[in-house]
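Working through the structure, step by step
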Amino acid sequence: MGELAASASAGDVLVCVGLGSCIGLALVSRRGSACGLAHIVLPDAAGRPADRPAKFAEQAVPALIAALGPHGARAGGLDAILVGGAQMFTTSTGMDIGARNEAAVRAALGLAGIPVTASATAGSVGRTVRVHVATGNVTVRDAGAKEVGLR
Amino acid sequence: MANARYTDLQLDALRELANIGSGTAGTALSSLLGCAIDLAVPSASALELADAVEAAGDPADLVWGVVVPVSGHVDATALLVIPDADATTICAMLGADTDTETGRSALGEIGNIMVGAYVGALATMTGFELDLRPPQTTHDMLGAVVSSVLAAHSDEQELALVLDSELELEGEACTLSFMLLPTPAGVAELLHRIGLGD
């Protein structure tokens, strides 16, 4: 949670397990082999210090783009895939962090000029996302269901 | 480091409150299911969000989660986590099946009864008025359940005070884990009432 990873090594698979209201943001370069994945927890820092690079959406997007730089990827050549942002419970007011997370991530991607090419978000189901660096394929698995390709 | 917000004495006192609360909740569950319940000593820890989720177990495990919001003098969220197989066992003891609406509602009711007992004990000790809202039951990955409840809390603060209790049904290899997550203001109220406020 709140961590990010970038890789261009063909053997690597980047994973976020058990995303609820959190967002798994995958950035995949259209040409080349660089992929990145961030596990975003909350929409904005609201003045709080970020103890983890991808905890807040507004910081996670630039941080993930920066992490992809050494692998030869630039913001202009990236596609974004969003997974998570569910509302697991509907109890208290202001609890729909999932939807706020998704909106914040999409806004930050918009600022960076990165298109969202696929997403598996909202609803009330937990999800696991995998990014296969070798192929640039992104898969999602809903709780108790089968793995499905997103890209 | 992570516990800098609360002193050891305060955490000890909160652990003792959790002990009494979960003892009462265990007794309520015991009379509902008609079997003896073993209680592990509860832990009170102030954890950073990600650490609290990691501490809960394998995030990919399928579990039943029952969330009961608590409001009044202290606002809190109670979360009961029951591993898949154990939920099946418990439902069977009540003559229900987790695949049915009856089973789902039975698990919600177990959450309701346990949180009611726990919170009732807290209310008696502190003289607070505490109310429960209806339980919400979900069947999902442990990581998704716990992180979503905690994220809703961390909107207000970085540290989650987790009062964690484990209950084991005697004779049936079943473990339920019970967490109470008070808001920061709620923790302050609790500590103030037992004479350990700042």
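Heads up: the structure comes first, above all this text.
These remarks concern the structure in this document.

**Notes on the nonpolar core**
Residue and element names in this part refer to chain B.
- If you look at the biggest cluster of nonpolar residues, it comprises 48 residues, and the most contacted ones within it are L79 and L150.
- Here this core takes 8 residues from helix 5 (residues 142-154), the largest share from any one element.
- Ranked by size, the runner-up nonpolar core spans 46 residues in total, among them L14, A46, V74 and M114.

**Overview of the pattern of salt bridges**
- Applying the stated criterion across every chain, the model contains 8 salt bridges over all chains.
- D79(A) is the partner of R151(A) in a salt bridge, and the nearest nitrogen-oxygen pair spans 3.7 Å. Pair noted here: R151(A) is in the segment after strand 9 (147-149) and D79(A) is in strand 5 (residues 78-84), with a separation of 72 residues, a long-range link.
- Given the relative accessible area of 32%, R151(A) is considered partly exposed.
- D79(A) gets classed as buried once you look at its relative accessible area, which sits at 8%.
- Connected via shared salt-bridge partners are E3(A), R52(A) and D51(B).

**Comments concerning the environment of A63(A)**
- Mapping A63(A) onto the fold places it in helix 1 (residues 57-68).
- For the pair A63(A) and A5(A), spaced 58 residues apart in the sequence, the C-alpha separation amounts to 9.9 Å.

**Quick notes on helix 1 of chain A**
Residue and element names in this part refer to chain A.
- Here helix 1 spans 17 Å end to end across 12 residues, near enough to the 16 Å set by a 1.5 Å rise per residue.
- Among the residues of helix 1, A57, A60, V61, L64, I65 and L68 are the ones counted as buried. Axial view of helix 1: buried residues confined to an arc of 125 degrees, hence all on one face.
- Those residues of helix 1 that are buried are in contact with strand 1 (4-7), strand 3 (23-29), strand 4 (35-40), strand 5 and helix 2 (97-112).

**Examining the interface of chain A and chain B**
- Each side of the interface is counted separately: chain A has 30 residues, and chain B has 29 residues.
- For the pair chain A and chain B, the summed buried area comes to about 2300 Å², and 61% of that belongs to carbon and sulfur atoms.
- Of the charged contacts in the structure, one is a salt bridge between R52(A) and D51(B), with a shortest N-O distance of 3.4 Å.
- Seen at the junction of chain A and chain B, the total is 4 residue pairs in polar contact (both at pLDDT 80 or more).
- Secondary-structure elements contributing two or more residues to the side of chain A that touches chain B are strand 2 (13-19), helix 2 and strand 7 (127-132) of chain A.

**With respect to the packing of helix 1 (residues 8-33) of chain B against helix 6 (residues 184-193) of chain B**
Residues and elements named next belong to chain B.
- For the pair helix 1 and helix 6, the least separation of the axes is 11 Å and the interaxial angle reads 90 degrees. It follows from the interaxial angle that helix 1 and helix 6 lie roughly perpendicular. Where helix 1 approaches helix 6, its residues Q10, L14 and L17 are matched on the opposing element by V187, L190 and L191.
- Partitioned by chemical class, the residues of the contact of helix 1 with helix 6 number 5 nonpolar, 1 polar and no charged.

**Things to note about the pairing of strand 8 (residues 174-182) of chain B**
Residues and elements named next belong to chain B.
- In terms of burial, strand 8 is largely enclosed, as 8 of its 9 residues are buried.
- Bridge count for strand 4 (residues 76-83) against strand 8 is 6 bridges, and the pairing is antiparallel. Within the sheet, the bridge partner assigned to A76 lies in strand 8 and is P182.

**Looking at a negative patch on the surface**
- Residues D38(B), E166(B), E168(B) and E170(B) make up a contiguous surface patch of negative charge.
- Taking the relative accessible area as the measure of exposure, E166(B) reaches 36% and is therefore partly exposed.

**Topic: helix 1 of chain B**
- Compared with an ideal rise of 1.5 Å per residue, which puts 26 residues at 38 Å, helix 1 of chain B spans 36 Å between its outermost C-alpha atoms and is within 8% of the ideal.
- Count one or two residues on from helix 1 of chain B and you reach G34(B), which has phi positive near 70 degrees.

**Structural notes on the packing of helix 1 of chain A against helix 2 of chain A**
All names here are of chain A.
- Interaxial distance between helix 1 and helix 2 falls to 8 Å at its minimum, and their mutual angle equals 45 degrees. Judged on the interaxial angle alone, helix 2 and helix 1 are oblique. For the pair helix 1 and helix 2, the crossing hand works out as right-handed. Listed contacts from helix 2 to A57, V61 and I65 of helix 1 are A104, V105, A108, L109 and A112.
- A class-by-class count of the residues in the contact of helix 1 with helix 2 yields 8 nonpolar, no polar and no charged.

**Things to note about the sheet that holds strand 8 (residues 137-142) of chain A**
All names here are of chain A.
- The strand order 2-7-8-9 describes an open sheet built from 4 strands, whose pairing is antiparallel. The sheet is open, and its two edges are formed by strand 2 and strand 9, each paired on a single side. Taken over all neighbouring pairs, the strand axes of this sheet differ in orientation by 20 degrees on average, direction set aside.
- Sheet topology places strand 2 next to strand 7; 5 bridges connect them, and they run antiparallel. Counted as the bridge partner of C16 is V129 from strand 7.

Cut-offs used in this document
Residues numbered from 1 in each chain as written. Chains lettered and ligands numbered in written order. Predicted model: local features only at pLDDT ≥ 70, side-chain atom pairs only at ≥ 80, totals over all residues. Heavy atoms only, no water. Core = buried A, V, L, I, M, F, W, Y, C linked by side-chain atoms within 4.5 Å. Buried < 20%, exposed > 50% of the residue type's maximum accessible area, 1.4 Å probe, protein only. Helix = DSSP H or I, 4+ residues; strand = E, 2+ residues; numbered from the N terminus. Salt bridge = Lys/Arg side-chain N within 4 Å of Asp/Glu carboxyl O. Expected span 1.5 Å × (residues − 1). Arc of directions from axis to C-beta. Contact = heavy atoms within 4.5 Å. Buried area = accessible area lost by both parts, 1.4 Å probe. Polar contact = N/O pair within 3.5 Å; in protein donor to acceptor, adjacent residues only side chain to side chain. Axes fitted to C-alpha atoms, helices over the stretch in contact; angles between N-to-C directions. Parallel < 35°, antiparallel > 145°, perpendicular 65-115°, else oblique. Nonpolar A, V, L, I, M, F, W, Y, C, P; charged D, E, K, R; others polar. Pairing = 2+ DSSP bridges. Patch = residues over 30% accessible without salt bridge, like charges linked within 9 Å, V, L, I, M, F, W, Y side chains within 5 Å. Areas by Shrake-Rupley, 256 points an atom, 1.4 Å probe, with all protein chains shown as cover. Lys, Arg positive; Asp, Glu negative; His and termini not counted. Charge placed at Lys NZ, Arg CZ, Asp CG, Glu CD. Left-handed = near helix turned anticlockwise from the far one by under 90°.

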